[in-house]
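Structural features, examined
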Amino acid sequence: MKPPLFDYATPATLAEATALLVHYDGEAKLLSGGQSLVPLLNMRLARPAMVVDLARIPDLDYVRADGDGFAIGGMTRQRSVEMSAEVRAQHPLLFAGMQLIAHPQNRNQGTVGGSLAHADPAAELPAMALALDATFQATGPDGVRTITAADFFLTYLTTSLEPAEILTAVRFPTLPARTGWSILEVARRHGDFGLAGVVAIVGLGADGRVASTRLVLFGVGATPIRAQGAEGLLVGHTAEPALFADVATRAAADLDEPLTDVHASADYRRDLARVLSVRALTEATTRARAA
Amino acid sequence: MSVTRRIALTVNGERHEADVEVRKTLVDFLRGDLALTGTHVGCEHGVCGACTVLWNGRAVRSCIMLAVQADGAELKTVEGLADGATLHPIQQAFLEKHGLQCGFCTPGFLMSIYELLTRDSAPSDEDITDTLGGHICRCTGYQTIVEAVHLAVEKMRTK
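Every value quoted in this text rests on a predicted model; they were computed, and no experiment measured them.

**Considerations on the overall build of chain B**
- Check the secondary structure of chain B and you find five helices and five strands.
- Overall, chain B shows an N-to-C arrangement of helices and strands of β-β-α-β-β-β-α-α-α-α.
- Relative to the globule expectation of 15 Å for 159 residues, the C-alpha radius of gyration of chain B, 16 Å, shows essentially globular dimensions.
- Considering only C-alpha atoms, chain B reaches an extent of 50 × 30 × 25 Å along its principal axes.
- Across the 159 residues in chain B, those meeting the buried criterion constitute 47%.
- Put simply, of all contacts in chain B between residues at least 6 apart along the chain, 59% involve residues at least 24 apart.

**Section: the overall build of chain A**
- Secondary structure assignment for chain A yields 12 helices and 14 strands.
- Each principal axis of the C-alpha atoms in chain A carries an extent, and together these give about 60 × 45 × 35 Å.
- Taken across its 291 residues, chain A has 51% of its residues classed as buried.

**Some thoughts on the nonpolar core**
All names here are of chain A.
- Counting 134 residues, the largest nonpolar core has Met128, Ala129 and Ala200 as its most contacted members.
- The element best represented in this core is helix 12 (residues 266-290), accounting for eight residues.
- Once residues within four sequence positions are removed from consideration, Ala200 is found in contact with Trp181, Ser182, Leu215, Ala280, Leu281 and Ala284.

**Some thoughts on the sheet that holds strand 14 (residues 225-226) of chain A**
All names here are of chain A.
- Spatial strand order, 11-12-13-14: four strands in an open sheet with antiparallel pairing. Every interior strand has two partners, whereas the edge strands, strand 11 (179-186) and strand 14, have only one.
- Relative to strand 13 (residues 210-218), strand 12 (residues 196-204) runs antiparallel, the two being bridged by eight bridges. By the bridge assignment for strand 13, Val202 is matched with Thr213.
- Helix-sheet contacts for helix 12 involve strand 11, strand 12 and strand 13, and the interaxial angle to strand 12 is about 30°.

**A few points about the packing of helix 2 (residues 89-96) of chain B against helix 5 (residues 143-158) of chain B**
All names here are of chain B.
- Two elements in contact, helix 2 and helix 5, have axes separated by 8 Å at closest approach and are oriented at 135°. Between helix 2 and helix 5, the interaxial angle falls into the category oblique. When you trace helix 2 past helix 5, the crossing you get is right-handed. Residues Pro89, Ile90, Gln92, Ala93, Phe94 and Glu96 of helix 2 touch helix 5, and the partners they reach there are Ala148, Leu151, Ala152, Lys155 and Met156.
- Grouping the amino acids of the contact of helix 2 with helix 5 by side-chain chemistry returns eight nonpolar, one polar and two charged.

**Things to note about the interface of chain B and chain A**
- Every contact between the two is made by 24 residues of chain B and, on the other side, 23 residues of chain A.
- Secondary-structure elements contributing two or more residues to the side of chain B that touches chain A are strand 4 (58-61) and helix 4 (125-132) of chain B.
- The greatest single-element share of the side of chain B that touches chain A, amounting to four residues, is contributed by strand 4 of chain B.

**Considerations on the sheet that holds strand 4 (residues 63-65) of chain A**
Residue and element names in this part refer to chain A.
- Spatially, the five strands line up as an open sheet ordered 4-5-10-6-7, and their pairing is antiparallel. Both outer strands of the open sheet, strand 4 and strand 7 (143-148), are each paired with one neighbouring strand and no more. The sheet shows a mean angle of 20° between the axes of neighbouring strands, taken without regard to direction.
- Where strand 4 meets strand 5 (residues 69-73), three bridges bridge the pair, whose relative direction is antiparallel. The partner of Arg64 across the bridge, within strand 5, is Ala71.
- The sheet contacts of helix 1 (residues 14-24) involve strand 6 (135-140) and strand 10 (166-173), and relative to strand 10 the element is tilted by about 120°.

**Thoughts on unusual backbone geometry**
Residue and element names in this part refer to chain A.
- If you check the backbone angles, Ala102 has positive phi at about 40° while not being a glycine.
- Relative to the elements of secondary structure, Ala102 occurs in the loop between helix 5 (92-98) and helix 6 (104-107).
- Under the C-beta neighbour-count criterion, Ala102 is labelled buried, with 23 such atoms within 10 Å.
- Its identity is not glycine, yet Leu157 carries a phi of approximately 55°, on the positive side.
- With respect to the element layout, Leu157 can be found in the loop between strand 8 (153-155) and strand 9 (158-159).
- Classification of Leu157 as partly exposed rests on a count of 15 C-beta atoms within 10 Å.

**Quick look at the confidence of the model for chain B**
- Scored by pLDDT, chain B has a mean of 97; 99% of the residues are at 70 or more.
- Reported for the predicted complex are a pTM of 0.96 and an ipTM of 0.95.

**Focus: the environment of Val216(A)**
Residue and element names in this part refer to chain A.
- By secondary structure assignment, the location of Val216 is in strand 13.
- Considered as a pair, Val216 and Arg226 are 10 residues apart in the sequence and their alpha carbons are 4.4 Å apart.
- Excluding anything up to four places from it in sequence, Val216 contacts Ala127, Leu130, Ala131, Val199, Pro224, Ile225 and Arg226.

**Quick word on the environment of Gly26(A)**
- For Gly26(A), the position within the fold is in the loop between helix 1 and strand 2 (28-31).
- In sequence terms Gly26(A) and Val186(A) are 160 residues apart; their C-alpha atoms lie 35 Å from each other.

**Looking at helix 5 of chain B**
Residue and element names in this part refer to chain B.
- The terminal C-alpha atoms of helix 5, which comprises 16 residues, lie 23 Å apart, in line with the 22 Å expected from a rise of 1.5 Å per residue.
- Among the residues making up helix 5, those that are buried are Ile145, Ala148, Val149, Ala152 and Val153. Seen from one end, helix 5 has its buried residues packed into an arc of 145°, which puts them on one side. What points out from helix 5, more than 90 degrees from its buried face, is the exposed set Gln143, Glu154, Arg157 and Thr158.
- Contact partners of the buried residues in helix 5: helix 2, helix 3 (106-119) and helix 4.

What counts and how
- Residues numbered from 1 in each chain as written.
- Chains lettered and ligands numbered in written order.
- Predicted model: local features only at pLDDT ≥ 70, side-chain atom pairs only at ≥ 80, totals over all residues.
- Helix = DSSP H or I, 4+ residues; strand = E, 2+ residues; numbered from the N terminus.
- Rg over C-alpha atoms; globule rule 2.2 N^0.38 Å.
- Buried ≥ 20, exposed ≤ 12 C-beta atoms within 10 Å, placed from the backbone.
- Contact = placed C-beta atoms within 7 Å.
- Core = buried A, V, L, I, M, F, W, Y, C linked by C-beta atoms within 7 Å.
- Pairing = 2+ DSSP bridges.
- Axes fitted to C-alpha atoms, helices over the stretch in contact; angles between N-to-C directions.
- Parallel < 35°, antiparallel > 145°, perpendicular 65-115°, else oblique.
- Left-handed = near helix turned anticlockwise from the far one by under 90°.
- Nonpolar A, V, L, I, M, F, W, Y, C, P; charged D, E, K, R; others polar.
- pLDDT = per-residue confidence, 0-100.
- Expected span 1.5 Å × (residues − 1).
- Arc of directions from axis to C-beta.

Structure (structure tokens):
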């Protein structure tokens, strides 16, 4: 199908863009890379009165290392992050996660800010943001504010961004020493949205026990989900296979009913979350010991 | 009431200016307005890869880009590959290795492979698979396309 009628604007500044969002009062959509919005327009699932293209606003496309993290502009192409030698060397989790997003041809156009603001619960960037305690910078009519990842994702395709706010940047902290990571997903075909996925981070203390951990499941709920109950079973203990099995079982059991659709049943998604959690915790611990 | 915008862009080295409806996708603009029908329209939601073109050197899906987004851009389509009657080495490799049967998906494959080989003259098997993974071909089973990429690498090295 072809997109419905809409008006189109290319504001030159964030102030102009937010003014348009205020003026259209919920009837405008922001266009970033368009890898989600234009298919939705083509299928006429989205019928905005106005499409506001952010492409002409300067200074939204950058990847900057700041010592213990990477600040990334909202309009930065996913491929630019993947191709950054600094990201590859200093943030292997972010590098690995980028490669799971759709196909290179989509990552060439798709942006970091677009994927995060779209907030598909099966997408990789939101899950990584939650696992890494990323911080989001939003600009609205009343100025700039910072939102934590824990407060950002509300439900399916819904974030805490106000209707006239624009996500301008996100900061992904790098991982400290003796900390390992893993990101795994199962998809029907390479490049498809995952049926279920897991981001695991394991930090080891001087005594070899788990000092800190993050276990985030994605594709199995309305948002990426931090498995806090399961994390609690791990902290303070020696990371070993029997414990991983218990932690993963708890993480899967704590899920509300995952989605059932043509691709997978809720039970299958729940079981994938369990199996992937074991694998991801194992991989993250191995990397932590080597780090 | 349709809304139009004046855009200027370069396609295969040639500059074009046109008034386009803002809702028109880039692939429909290339095919309908510029009569560059080598770029094919498949799924119209960014999955099949038939519509892939180079946008400022990067392979993108022209079915999920609006033509107005390409204002000021430099594009390359499959029509820009051959040098007159002489096929581009990637096209020649497809011909020699039977990298196509019906040919519907071929223009998209060619453009993605062009981007890959422009960036990396000796891509790993993993990079090749990752690039081809963004395209669907229902005829070949992909093996002959992989062989064509390897042959194209050789041809472009000795060129």
